Amino acid sequence: MLLRLPTSVSEAQECMAEGAVPIGGATLIWATWQRDGFPEQAMSLRDLPEANTIGRETLGGAVILNRIDDRVPEALRRAAATVGTGAVRRTATVGGNIVGSTLRCLLPAALVLEARAVVLDPDSVYETDLTEVLAKGHLLLGLRWRDPITSAYRKLPGEAGGPPPLVVAAALHTAGTGVTRLRVAVRDGYDVLTEGTEYDAGSDSEQLLDDLRRTAVGALHATAWEAVHELVTDLLSRPTGR
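Worth saying up front: this structure is predicted, and the values here are computed from it rather than measured. (Residues numbered from 1 in each chain as written. Predicted model: local features only at pLDDT ≥ 70, side-chain atom pairs only at ≥ 80, totals over all residues. Heavy atoms only, no water.)

Asker: Before we go on, may I ask you to explain the overall build of the protein in this structure?
Answerer: The number of helices and strands found in the protein is nine helices and 12 strands. Over its C-alpha trace the protein gives a radius of gyration of 19 Å, about what one expects of a compact globule, namely 18 Å for 242 residues. Principal-axis analysis of the C-alpha atoms places the extent of the protein at approximately 60 × 40 × 30 Å. By residue count, 43% of the 242 residues in the protein fall in the buried class. Here the contacts in the protein between residues at least 6 apart in sequence split such that 55% fall between residues at least 24 apart. Of the roughly 11800 Å² that the protein leaves accessible, carbon and sulfur atoms contribute 48%. The centroid of the 24 positive side-chain charges in the protein is displaced by 4 Å from the centroid of its 31 negative side-chain charges. (Helix = DSSP H or I, 4+ residues; strand = E, 2+ residues; numbered from the N terminus. Rg over C-alpha atoms; globule rule 2.2 N^0.38 Å. Buried < 20%, exposed > 50% of the residue type's maximum accessible area, 1.4 Å probe, protein only. Contact = heavy atoms within 4.5 Å. Areas by Shrake-Rupley, 256 points an atom, 1.4 Å probe, with all protein chains shown as cover. Lys, Arg positive; Asp, Glu negative; His and termini not counted. Charge placed at Lys NZ, Arg CZ, Asp CG, Glu CD.)

Dropping the structure here:
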(Lines give C-alpha, C1' and ligand atoms only; values in the text may rest on other atoms or scores of the structure.)
Protein backbone atom coordinates (compact mmCIF):
# COMPACT_ATOMS: atom_id res chain seq x y z
CA MET A 1 0.00 0.00 0.00
CA LEU A 2 1.27 3.44 -0.95
CA LEU A 3 0.57 6.08 1.71
CA ARG A 4 0.32 9.57 0.23
CA LEU A 5 0.79 12.67 2.40
CA PRO A 6 -0.40 15.75 0.49
CA THR A 7 0.74 19.16 1.70
CA SER A 8 -1.78 21.27 -0.24
CA VAL A 9 -5.49 21.11 -0.99
CA SER A 10 -4.85 20.71 -4.71
CA GLU A 11 -2.47 17.81 -4.07
CA ALA A 12 -5.04 16.16 -1.79
CA GLN A 13 -7.69 16.50 -4.48
CA GLU A 14 -5.33 14.92 -6.98
CA CYS A 15 -4.83 11.98 -4.62
CA MET A 16 -8.59 11.57 -4.27
CA ALA A 17 -9.10 11.70 -8.04
CA GLU A 18 -6.52 8.93 -8.40
CA GLY A 19 -8.38 6.68 -5.98
CA ALA A 20 -6.42 7.11 -2.76
CA VAL A 21 -8.50 6.02 0.24
CA PRO A 22 -8.65 8.72 2.96
CA ILE A 23 -7.50 7.60 6.39
CA GLY A 24 -6.90 9.35 9.69
CA GLY A 25 -5.15 7.40 12.40
CA ALA A 26 -6.47 4.17 10.81
CA THR A 27 -7.67 3.05 14.26
CA LEU A 28 -11.06 2.04 12.81
CA ILE A 29 -10.01 0.45 9.52
CA TRP A 30 -6.70 -1.28 10.09
CA ALA A 31 -8.26 -4.54 11.29
CA THR A 32 -10.63 -4.52 8.30
CA TRP A 33 -7.72 -4.06 5.91
CA GLN A 34 -5.81 -6.89 7.57
CA ARG A 35 -8.83 -9.14 7.05
CA ASP A 36 -10.00 -8.00 3.60
CA GLY A 37 -6.82 -6.67 2.01
CA PHE A 38 -5.12 -3.29 1.78
CA PRO A 39 -5.96 -0.67 -0.86
CA GLU A 40 -3.35 0.22 -3.46
CA GLN A 41 -3.23 3.83 -2.22
CA ALA A 42 -4.19 5.58 1.01
CA MET A 43 -4.09 9.26 1.87
CA SER A 44 -3.54 10.99 5.21
CA LEU A 45 -4.15 14.71 5.75
CA ARG A 46 -1.69 14.91 8.64
CA ASP A 47 0.67 17.18 6.65
CA LEU A 48 -2.09 19.38 5.23
CA PRO A 49 -2.17 22.73 7.13
CA GLU A 50 -5.88 23.33 6.49
CA ALA A 51 -6.72 20.01 8.17
CA ASN A 52 -4.62 20.71 11.28
CA THR A 53 -5.98 24.01 12.59
CA ILE A 54 -6.92 24.40 16.27
CA GLY A 55 -8.65 27.54 17.59
CA ARG A 56 -11.66 29.03 19.35
CA GLU A 57 -13.73 28.72 16.17
CA THR A 58 -12.04 26.04 14.11
CA LEU A 59 -10.74 22.48 14.37
CA GLY A 60 -9.10 20.51 11.58
CA GLY A 61 -10.26 17.06 10.59
CA ALA A 62 -6.73 15.60 10.82
CA VAL A 63 -6.10 16.86 14.35
CA ILE A 64 -5.14 14.03 16.69
CA LEU A 65 -7.50 13.90 19.68
CA ASN A 66 -4.82 14.31 22.33
CA ARG A 67 -3.79 17.62 20.72
CA ILE A 68 -7.18 19.18 21.46
CA ASP A 69 -6.70 21.64 24.32
CA ASP A 70 -8.19 24.81 25.82
CA ARG A 71 -7.93 26.63 22.50
CA VAL A 72 -11.29 25.05 21.65
CA PRO A 73 -14.54 25.37 23.66
CA GLU A 74 -14.93 23.19 26.72
CA ALA A 75 -17.47 20.81 25.18
CA LEU A 76 -15.11 19.74 22.39
CA ARG A 77 -12.11 19.55 24.70
CA ARG A 78 -13.89 17.31 27.19
CA ALA A 79 -15.38 15.16 24.43
CA ALA A 80 -11.94 14.47 22.98
CA ALA A 81 -10.54 13.64 26.41
CA THR A 82 -13.13 10.87 26.95
CA VAL A 83 -12.54 8.97 23.69
CA GLY A 84 -11.09 5.49 24.20
CA THR A 85 -7.72 5.07 25.86
CA GLY A 86 -4.66 7.29 25.84
CA ALA A 87 -3.21 5.12 23.06
CA VAL A 88 -6.33 5.68 20.94
CA ARG A 89 -6.31 9.44 21.55
CA ARG A 90 -2.69 9.62 20.42
CA THR A 91 -3.71 8.21 17.03
CA ALA A 92 -7.41 8.87 16.34
CA THR A 93 -8.44 12.01 14.47
CA VAL A 94 -11.38 14.43 14.58
CA GLY A 95 -12.57 13.38 11.14
CA GLY A 96 -12.26 9.70 11.93
CA ASN A 97 -14.30 10.07 15.10
CA ILE A 98 -17.11 12.12 13.57
CA VAL A 99 -17.37 10.50 10.14
CA GLY A 100 -15.75 7.08 10.45
CA SER A 101 -16.90 5.98 13.90
CA THR A 102 -20.30 4.62 14.91
CA LEU A 103 -19.88 6.13 18.41
CA ARG A 104 -19.02 9.69 17.27
CA CYS A 105 -18.16 10.97 20.74
CA LEU A 106 -17.30 14.41 19.34
CA LEU A 107 -20.57 14.79 17.43
CA PRO A 108 -22.79 15.98 20.34
CA ALA A 109 -20.21 18.67 21.16
CA ALA A 110 -19.98 19.77 17.53
CA LEU A 111 -23.78 19.94 17.26
CA VAL A 112 -24.27 22.14 20.33
CA LEU A 113 -21.57 24.49 18.99
CA GLU A 114 -23.68 24.67 15.80
CA ALA A 115 -20.56 23.67 13.89
CA ARG A 116 -20.44 23.60 10.11
CA ALA A 117 -18.32 21.08 8.24
CA VAL A 118 -15.68 22.05 5.72
CA VAL A 119 -15.66 19.26 3.15
CA LEU A 120 -12.96 18.30 0.66
CA ASP A 121 -13.89 16.57 -2.59
CA PRO A 122 -11.90 16.07 -5.79
CA ASP A 123 -13.30 19.25 -7.38
CA SER A 124 -13.98 21.70 -4.58
CA VAL A 125 -13.84 22.71 -0.93
CA TYR A 126 -17.17 23.74 0.53
CA GLU A 127 -19.06 24.22 3.78
CA THR A 128 -22.12 22.20 4.69
CA ASP A 129 -23.98 20.90 7.73
CA LEU A 130 -22.96 17.85 9.70
CA THR A 131 -26.11 15.95 8.72
CA GLU A 132 -24.97 15.85 5.10
CA VAL A 133 -21.46 14.82 6.09
CA LEU A 134 -22.73 11.87 8.13
CA ALA A 135 -25.24 10.80 5.49
CA LYS A 136 -22.75 10.87 2.61
CA GLY A 137 -19.46 10.07 4.38
CA HIS A 138 -17.66 13.15 3.08
CA LEU A 139 -13.97 13.76 3.73
CA LEU A 140 -13.93 16.23 6.62
CA LEU A 141 -11.34 18.96 6.19
CA GLY A 142 -12.44 20.68 9.41
CA LEU A 143 -15.13 22.21 11.59
CA ARG A 144 -16.07 25.87 11.97
CA TRP A 145 -18.38 27.52 14.49
CA ARG A 146 -18.99 30.80 16.30
CA ASP A 147 -17.44 31.04 19.73
CA PRO A 148 -20.18 30.23 22.28
CA ILE A 149 -20.76 32.01 25.56
CA THR A 150 -19.97 28.75 27.34
CA SER A 151 -20.36 25.01 26.79
CA ALA A 152 -20.19 21.71 28.66
CA TYR A 153 -19.98 17.98 28.03
CA ARG A 154 -20.54 14.88 30.12
CA LYS A 155 -20.16 11.18 29.36
CA LEU A 156 -21.81 8.90 31.91
CA PRO A 157 -19.95 5.77 33.09
CA GLY A 158 -20.53 2.74 30.90
CA GLU A 159 -20.27 -1.00 31.41
CA ALA A 160 -17.54 -2.98 29.66
CA GLY A 161 -19.12 -4.79 26.74
CA GLY A 162 -22.39 -2.95 27.27
CA PRO A 163 -24.13 -0.28 25.20
CA PRO A 164 -22.35 3.01 24.46
CA PRO A 165 -22.31 5.35 27.47
CA LEU A 166 -24.86 8.15 27.48
CA VAL A 167 -23.37 11.48 26.37
CA VAL A 168 -24.82 14.94 27.00
CA ALA A 169 -23.51 18.24 25.63
CA ALA A 170 -24.84 21.78 25.91
CA ALA A 171 -23.84 25.29 24.86
CA LEU A 172 -25.11 28.84 25.21
CA HIS A 173 -24.98 31.25 22.26
CA THR A 174 -25.76 34.92 21.85
CA ALA A 175 -28.90 35.11 19.70
CA GLY A 176 -29.47 38.86 19.74
CA THR A 177 -29.74 41.75 22.16
CA GLY A 178 -30.64 40.25 25.53
CA VAL A 179 -31.47 36.86 23.99
CA THR A 180 -29.54 33.64 24.56
CA ARG A 181 -29.90 30.38 22.68
CA LEU A 182 -29.44 27.06 24.45
CA ARG A 183 -28.43 24.02 22.40
CA VAL A 184 -28.48 20.51 23.86
CA ALA A 185 -27.42 17.21 22.29
CA VAL A 186 -27.73 13.69 23.66
CA ARG A 187 -26.13 10.49 22.41
CA ASP A 188 -28.35 7.65 23.56
CA GLY A 189 -27.03 4.35 22.28
CA TYR A 190 -25.81 5.08 18.75
CA ASP A 191 -28.39 7.81 18.10
CA VAL A 192 -27.73 11.51 18.60
CA LEU A 193 -30.58 13.92 19.25
CA THR A 194 -30.26 17.70 19.37
CA GLU A 195 -32.69 20.42 20.42
CA GLY A 196 -32.58 24.12 21.22
CA THR A 197 -34.54 26.94 22.79
CA GLU A 198 -34.11 30.69 23.25
CA TYR A 199 -34.69 32.81 26.34
CA ASP A 200 -34.42 36.41 27.55
CA ALA A 201 -31.81 37.53 30.06
CA GLY A 202 -34.35 37.73 32.87
CA SER A 203 -35.89 34.29 32.28
CA ASP A 204 -36.21 31.81 35.10
CA SER A 205 -33.99 28.74 34.72
CA GLU A 206 -36.76 26.38 35.79
CA GLN A 207 -39.03 27.77 33.10
CA LEU A 208 -36.27 27.22 30.56
CA LEU A 209 -35.88 23.61 31.70
CA ASP A 210 -39.66 23.17 31.46
CA ASP A 211 -39.52 24.43 27.86
CA LEU A 212 -36.71 22.01 27.11
CA ARG A 213 -38.66 19.19 28.74
CA ARG A 214 -41.38 19.67 26.13
CA THR A 215 -38.94 18.94 23.28
CA ALA A 216 -37.78 15.54 22.03
CA VAL A 217 -34.90 15.68 24.52
CA GLY A 218 -37.41 15.80 27.36
CA ALA A 219 -39.12 12.69 25.99
CA LEU A 220 -36.00 10.58 26.53
CA HIS A 221 -35.80 8.10 29.41
CA ALA A 222 -35.36 9.29 32.98
CA THR A 223 -31.58 8.75 33.15
CA ALA A 224 -31.05 10.86 30.03
CA TRP A 225 -33.29 13.66 31.23
CA GLU A 226 -31.61 13.69 34.65
CA ALA A 227 -28.22 14.08 32.94
CA VAL A 228 -29.56 16.88 30.71
CA HIS A 229 -31.14 18.65 33.67
CA GLU A 230 -27.92 18.49 35.68
CA LEU A 231 -25.70 19.71 32.83
CA VAL A 232 -28.01 22.56 31.80
CA THR A 233 -28.46 23.66 35.40
CA ASP A 234 -24.69 23.83 35.78
CA LEU A 235 -24.34 25.74 32.50
CA LEU A 236 -26.96 28.34 33.48
CA SER A 237 -25.34 28.90 36.87
CA ARG A 238 -21.98 29.86 35.36
CA PRO A 239 -20.87 33.47 35.13
CA THR A 240 -20.64 34.85 31.61
CA GLY A 241 -17.38 33.67 30.10
CA ARG A 242 -15.65 30.49 29.08
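Asker: Whenever I open this one, the confidence of the model for the protein confuses me. Can you help?
Answerer: On average, residues of the protein score 91 in pLDDT, and 95% of them reach the 70 mark or higher. Least confident of the elements in the protein is helix α2 (residues 30-36), whose mean pLDDT is 71; most confident is helix α6 (residues 107-112), at 98. (pLDDT = per-residue confidence, 0-100.)

Asker: When you look at the nonpolar core in this model, what are you seeing that I'm missing?
Answerer: What tends to happen in soluble globular proteins is that the nonpolar side chains get buried as a cluster. Of all hydrophobic cores here, the largest spans 35 residues; its most connected members are Leu59, Val94 and Leu143. Elements represented by at least two residues in this core include exactly α3 (74-81), α5 (94-100), α6, β6 (116-120), α7 (130-136), β8 (139-144) and β10 (167-176). Other than its neighbours up to four places away in sequence, valine 94 contacts Leu59, Gly60, Gly61, Val63, Leu65, Ile68, Leu106 and Leu143. Judged by nonpolar contacts, the second largest core, of 21 residues, contains Val184, Val186, Val217 and Leu231. (Core = buried A, V, L, I, M, F, W, Y, C linked by side-chain atoms within 4.5 Å.)

Asker: So what exactly am I meant to see when it comes to the pairing of strand β7 (residues 125-128) here?
Answerer: Side-chain positions along a regular strand alternate between the two faces of the sheet. For β6 and β7, the ladder comprises four bridges, and the chain directions are antiparallel. By the bridge assignment for β7, leucine 120 is matched with valine 125. The antiparallel hairpin formed by β6 and β7 contains four residues in its connecting segment. (Pairing = 2+ DSSP bridges.)

Asker: Explain the pattern of salt bridges to me, please; I cannot follow it from the model alone.
Answerer: Two side chains carrying opposite charge are able to pair once their charged atoms lie near each other. A complete count under the given rule lists 13 salt bridges for this structure. Salt-bridge contacts for arginine 214 lead to aspartate 211; the nearest nitrogen and oxygen are separated by 2.5 Å. Judged by its relative accessible area of 61%, arginine 214 falls in the exposed class. Here the salt bridges share partners, and the residues they tie into one network are Glu74, Arg78, Asp234 and Arg238. (Salt bridge = Lys/Arg side-chain N within 4 Å of Asp/Glu carboxyl O.)

Asker: Help me out: how do you make sense of the sheet that holds strand β11 (residues 179-188) in this one?
Answerer: Picture the strands of a sheet paired through backbone hydrogen bonds; they go either parallel or antiparallel. Pairing within the open sheet is antiparallel, and its four strands lie in the order β9-β10-β11-β12. Edge positions in the sheet fall to β9 (150-155) and β12 (191-200), since each has one partner strand and no second. Pairs of neighbouring strands in the sheet enclose a mean axial angle of 15 degrees, with direction left out of account. Sheet analysis places β9 next to β10, joined by six bridges and oriented antiparallel. Note that in β10 the partner of alanine 152 across the bridge is alanine 170. (Axes fitted to C-alpha atoms, helices over the stretch in contact; angles between N-to-C directions.)

Asker: Teacher, can you tell me more about the sheet that holds strand β1 (residues 2-4) here?
Answerer: Pairing is parallel in the open sheet, where three strands are placed in the order β1-β3-β2. On the outer flanks of this sheet lie β1 and β2 (21-23), each paired with one strand and no other. Direction aside, the axes of adjacent strands within the sheet are offset by 35 degrees on average. Sheet analysis places β2 next to strand β3 (residues 41-44), joined by three bridges and oriented parallel. In the strand pairing of β3, isoleucine 23 is matched with serine 44.

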